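Breakdown of the fold
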Amino acid sequence: MSVTERIVVGHLYPSYLNIYADRGNIAVLAVRAAWRGLELDVRTIGPGDATPVDVDLFYVGGGQDREQALIAPDLASRGPALVDAVGGGAAALAVCGGYQLLGRFYRDRGGEELVGAGVLPLYTVAGERRMIGDVLLECELEPGDVRTLAGFENHAGRTILDSGAEPLGRVVSGFGNDGESGYEGCRAGRAIGTYLHGPLLPRNPWLADWLLAQALGHRTGEVRVFEPLRDDLEAEAHMVSSARARTRGGRYGRV
Ligand code: GLN
């Protein structure tokens, strides 16, 4: 009798950091795992909960400054455990407010500095004007395998990567990390941080598959290349989102 392979996901603060349907990313990971005969075992990690030691993929969504401030001390306290886990090969996807708090700190519009988990080599400072709109990136997570990533951004934070740090992608249209560098997000090993909401994964299934393969690689030692699925609907959503980004990405919003 064949045993179903399992991928353990640690979903950080789902009831605090979940705007723009970021929770939808978990649903996409679960169904794409199931289509490959894999089971996604999702553990919710809230304030005060222990950090499970067998997590293959950490996930954290976005949130307003208020929600970020509510969970930041708890997240900072589990920073060393997350740094160890990611250093040990666990994968991660962090979106917007969660992305900012996986860095060293987020200084919000009030000037309050929220200490981060220190997993990603970056820091963020909120600016006067929000960066809102559809975004299109060009990414190369695997050498020679250039892909596009389409999503939606809405953030006051300007994220500065440390020198030598790897961005997730080059901005084709939109603001990205700071509206100036021409780059978006950050990649550190199997950990990905990005400002792209949407949710992100339904319109970018290749990234969902990449994350699942990395997570499975953490559990089994072997990074598998999955058989492509028939992603007609996903491809259409990607096309629509990319076209929107090309025509109206990158406009400043009110505070
Ligand atoms: N509060 C943060 C900012 O404004 C993150 C916002 C978000 O997660 N969309 O930059």
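Residues numbered from 1 in each chain as written. Predicted model: local features only at pLDDT ≥ 70, side-chain atom pairs only at ≥ 80, totals over all residues. Heavy atoms only, no water.

Let's talk about the site of the ligand
In the neighbourhood of the ligand, 16 residues make up the surrounding shell, with Gly63, Asp65, Gln68, Cys96 and Gly157 lying closest. Separating a nitrogen atom of the ligand from a side-chain N or O atom of His197 is a distance of 3.0 Å. For the ligand, whose accessible area on its own is 290 Å², the fraction buried by protein is 100%. The site holding the ligand turns out to be the largest cavity. (Near = heavy atom within 4 Å. Polar contact = N/O pair within 3.5 Å; in protein donor to acceptor, adjacent residues only side chain to side chain. Areas by Shrake-Rupley, 256 points an atom, 1.4 Å probe, with all protein chains shown as cover. 1 Å grid on protein atoms, 1.4 Å probe; cavity = no way out; pocket = protein on both sides within 12 Å on 5 of 7 lines; lining within 4 Å. Sits in = over half its atoms within 2 Å of the grid points.)

A word on the nonpolar core
The biggest cluster of nonpolar side chains holds 67 residues, and the ones touching the most others in it are Leu149, Leu201, Leu207 and Leu211. The greatest single-element share of this core, amounting to 9 residues, is contributed by helix α5 (residues 205-220). The contacts of Leu201, once residues within four sequence positions are left out, are Asn25, Val28, Leu29, Leu93, Leu207, Ala208 and Leu211. (Core = buried A, V, L, I, M, F, W, Y, C linked by side-chain atoms within 4.5 Å. Buried < 20%, exposed > 50% of the residue type's maximum accessible area, 1.4 Å probe, protein only. Helix = DSSP H or I, 4+ residues; strand = E, 2+ residues; numbered from the N terminus. Contact = heavy atoms within 4.5 Å.)

Observations concerning the pairing of strand β12 (residues 191-194)
Consecutive side chains along a regular strand alternate between the two faces of the sheet. Here β12 shows two buried faces, one formed by Ala191 and Gly193 and the other by Ile192 and Thr194. Bridge analysis of strand β4 (residues 91-95) against β12 gives 4 bridges, and the strand direction is parallel. Paired with Val95 across the strands is Thr194, a residue of β12. Here strand β11 (residues 186-188) runs beside β12; their pairing, made up of 3 bridges, is antiparallel. Bridging from a neighbouring strand, Ala188 pairs with Ala191 of β12. Connecting β11 to the next strand, β12, in antiparallel fashion are 2 residues, including Gly189 with a positive phi near 65°. (Pairing = 2+ DSSP bridges.)

With respect to helix α1 (residues 24-34)
Looking at α1, one finds that the buried residues are Gly24, Asn25, Ile26, Val28, Leu29, Arg32 and Ala33. Those residues of α1 that are buried are in contact with β1 (5-12), β2 (38-45), β3 (57-60), β4, α5 and α6 (232-248).

What to know about α5
Helix length check: α5 (16 residues) gives 22 Å between terminal C-alpha atoms against 22 Å at 1.5 Å per residue, within 8%. Most of α5 is tucked away, with 13 of its 16 residues classed as buried. (Expected span 1.5 Å × (residues − 1).)

Examining the packing of helix α2 (residues 65-77) against helix α3 (residues 79-87)
Helix packing for two helices is described by the angle between their axes and how far apart those axes are. Interaxial distance between α2 and α3 falls to 4 Å at its minimum, and their mutual angle equals 55°. The orientation of α2 with respect to α3, classified from their angle, is oblique. Residues Leu75, Ala76 and Ser77 of α2 form the contact with α3, whose participating residues are Gly79, Pro80 and Leu82. Within the contact of α2 with α3, the residues separate by chemical class into 4 nonpolar, 2 polar and no charged. (Axes fitted to C-alpha atoms, helices over the stretch in contact; angles between N-to-C directions. Parallel < 35°, antiparallel > 145°, perpendicular 65-115°, else oblique. Nonpolar A, V, L, I, M, F, W, Y, C, P; charged D, E, K, R; others polar.)

Focus on the environment of Ile26
Its location among the elements puts Ile26 in helix α1. A relative accessible area of 11% places Ile26 in the buried class. For the pair Ile26 and Val42, spaced 16 residues apart in sequence, the C-alpha to C-alpha distance is 8.4 Å. With near-sequence residues (within four places) excluded, Ile26 lies in contact with Val9, His11, Leu40, Val42 and Tyr59.

Comments concerning the environment of His155
Among the secondary structure elements, His155 is positioned in strand β8 (residues 145-161). His155 has contacts with Cys96, Gln100, Arg129, Arg130, Met131, Gly176, Asn177 and Tyr195, leaving out every residue within four places of it along the chain. Of note is the side chain of His155, whose polar atom sits 2.8 Å from the backbone oxygen of Gly157. For His155, the side chain forms a polar contact with the main-chain oxygen of Gly176, separated by 3.4 Å.

Remarks on the packing of α1 against α5
Viewed as axis vectors pointing N to C, α1 and α5 meet at an angle of 70°, and their least axial separation amounts to 10 Å. Judged by the angle between their axes, α1 and α5 are roughly perpendicular. Residues Val28, Leu29, Arg32 and Ala33 of α1 pack against Pro205, Ala208, Asp209, Leu211 and Leu212 of α5. Per-class residue counts for the contact of α1 with α5 are 7 nonpolar, no polar and 2 charged.

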